[in-house]
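Structural overview
Chain by chain, the residues:
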Amino acid sequence: MQKKYLLAPGPTPVPPEALLAMAMPIIHHRAPDFLPVLESAKKGLQWLYQTKNDVLILCSTGTGGMDGAVSNFLSPGDDVLVINGGKFGERWTKICQAYGMKVEEILVEWGYSVKAEQVEASLKKNPKIKAVFVQANETSTGVYHDIKSIAAVVKKTDALFVVDAISALVAHDIRTDEWGIDVVIGGSQKGVMLPPGLAFVSVSDKAWKMADVAKTPKFYFNFKKERENLSKNQTTWTSPVTLIIGLNAAIKMLQDEGLENVLKRHDKLARATRAGALALGLKLFPKESPSNALTAIEAPAGVDGQAIYKDLRVKYGITGAGGQDKLKGKIFRIAHLGYADTFDVITAIAGIEMVLKGLGHPVKLGTGVGAAQEILMK
Ligand code: PLP
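Below: a short report on this structure. Along every chain, residues carry numbers that run from 1 in the direction the sequence is written. The predicted nature of this model means local features are confined to residues of pLDDT at least 70 and side-chain atom pairs, given and counted, to a pLDDT of 80 or more, with totals for whole chains, interfaces and linings taken over all residues. Excluding hydrogens and water, the side-chain figures rest on all heavy atoms present in the structure.

A look at the pairing of strand 4 (residues 102-107)
Two strands pair if DSSP finds at least two bridges between them. Helix and strand labels come from DSSP, where a helix needs a run of H or I of at least four residues and a strand needs a run of E of at least two; each type is numbered from the N terminus. With six bridges connecting them, strand 3 (residues 79-84) and strand 4 associate as parallel partners. Within strand 4, the position partnered with Leu-81 by the bridge is Glu-104. In this view, the connection linking strand 3 to its parallel neighbour strand 4 by way of helix 4 (residues 87-98) has right-handed handedness. Place the viewer so that the strands point away; then a crossover is right-handed whenever the path from the first strand over the helix to the second strand goes clockwise.

Things to note about the packing of aromatic side chains
For any pair of aromatic rings, geometry is given as the distance between the ring centres together with the angle between the planes. Aromatic pairs are defined between Phe, Tyr and Trp rings, using the six-membered ring for Trp, whenever the two ring centres lie within 6.5 Å; interplanar angles under 30 degrees are classed as stacked, those over 60 as edge-to-face, and all others as tilted. Per the counting criterion, the structure on display carries five aromatic pairs. Ring geometry for Trp-92 versus Phe-133: centroids 4.6 Å apart, planes at 45°, classification tilted. Taken together, the residues Trp-92 in helix 4 and Phe-133 in strand 5 (residues 129-135) connect sequence positions 41 residues apart. You can call Trp-92 buried: its relative accessible area is 0%. Relative accessibility under 20% of the residue-type maximum defines a buried residue, over 50% an exposed one, and the middle range a partly exposed one, all with a 1.4 Å probe and only protein chains included. With relative accessibility at 0%, the residue Phe-133 sits in the buried group. By way of ring pairs, the aromatic residues Phe-219, Tyr-220, Phe-221 and Trp-237 are connected into one cluster. Criterion for a charge above a ring: Lys NZ or Arg CZ within 6 Å of the ring centre, and within 35 degrees of the ring normal. In this structure, Lys-287 is placed above the aromatic ring of Phe-285, and the distance from its NZ or CZ to the ring centre is 4.4 Å.

Here we look at unusual backbone geometry
In the segment running from Gly-10 into Pro-11, the intervening peptide bond is cis, with an omega of -5°. Relative to the helices and strands, Pro-11 resides in the loop between strand 1 (5-6) and helix 1 (16-22). Unusually for a residue other than glycine, Ser-289 sits at a positive phi of about 45°. By the secondary structure assignment, Ser-289 is in the loop between helix 11 (259-279) and strand 11 (294-298). A residue is classified by how much of its surface remains accessible, and Ser-289, at 26% relative accessible area, is partly exposed. Positive phi outside glycine occurs at Asp-325, with the angle close to 55°.

So far we have only geometry, and geometry alone does not tell us how the molecule works.
Structure representation (structure tokens):
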């Protein structure tokens, strides 16, 4: 027998409270019993998103929310600005290009975060830009982009500000209304502590006005239809009732903890993980602005990052993540997102120590764990 530990940046572990709620018999999505369930999910998401805007609930993974955020607000030929600092930034570009938008990119070196002044300069240079797309967390590099400062510059223009917060929600403070973010996308299998299968999209009044004139063809992800149905506590297509019931249980746990405490917990777990890695003489991949959802760690010279990822999983049952694309073999990633606490970090750091030693890298066992413990006990 080997006990499994899921420490990947999605899917993340699902708490027993949500699992139990999802074990209830299926109810019909058009029957009256479902209406209060959806109403509660709707309000819970507005709480999490810190918004009064509609938060649509889609039956898809996060990418479906991204896809709809392009097709519903823009027309083919529109100029858009994409902040591309990793695999998920690249995805914005691919989606926009698939729908025929003219994409201008700010290419951010992997491991760095974009500066608001860069966004401001691009918007000044091309006033035709209709929308700015960014990740809050670029999960492939473990970097957090400073959404507050970017929102402040986009807000001064007519451009729509669209944030993929799929891996950032719950781990980072995303103040949708206060910062003026038009569209925020989330996904169920990350901080929200659920299985994959739901995408969430908040939509501001400015974005709804753009939806009225957007000409991109769409069918499944029709946000105006979703809004109409949401007002009746329905979804357009068959509702993923089980996941929405789970969502209410998961959001209740977050509400019981309190958003401020949830954010503090993620900050502490992230600091402890970083301290543990540094104490082992490892380097963090982010050169600035490391994420509170996950930690991307460089494989030490002479050690294959994929071997670290694989040994953690195979020898010790710890599933983290490897590096993507050009970072494959160079980094490995450990998440501390959602249903994560003190001993998830201890497990991760202890596992890293054992794996590195097993791979012949000099490690004094307990060094990283001790450094993490110092922070976790504060
Ligand atoms: N954007 C970010 C920042 C992500 O971390 C992910 C998933 O890892 C996605 C988008 C894609 O989400 P999904 O795999 O749910 O479509």
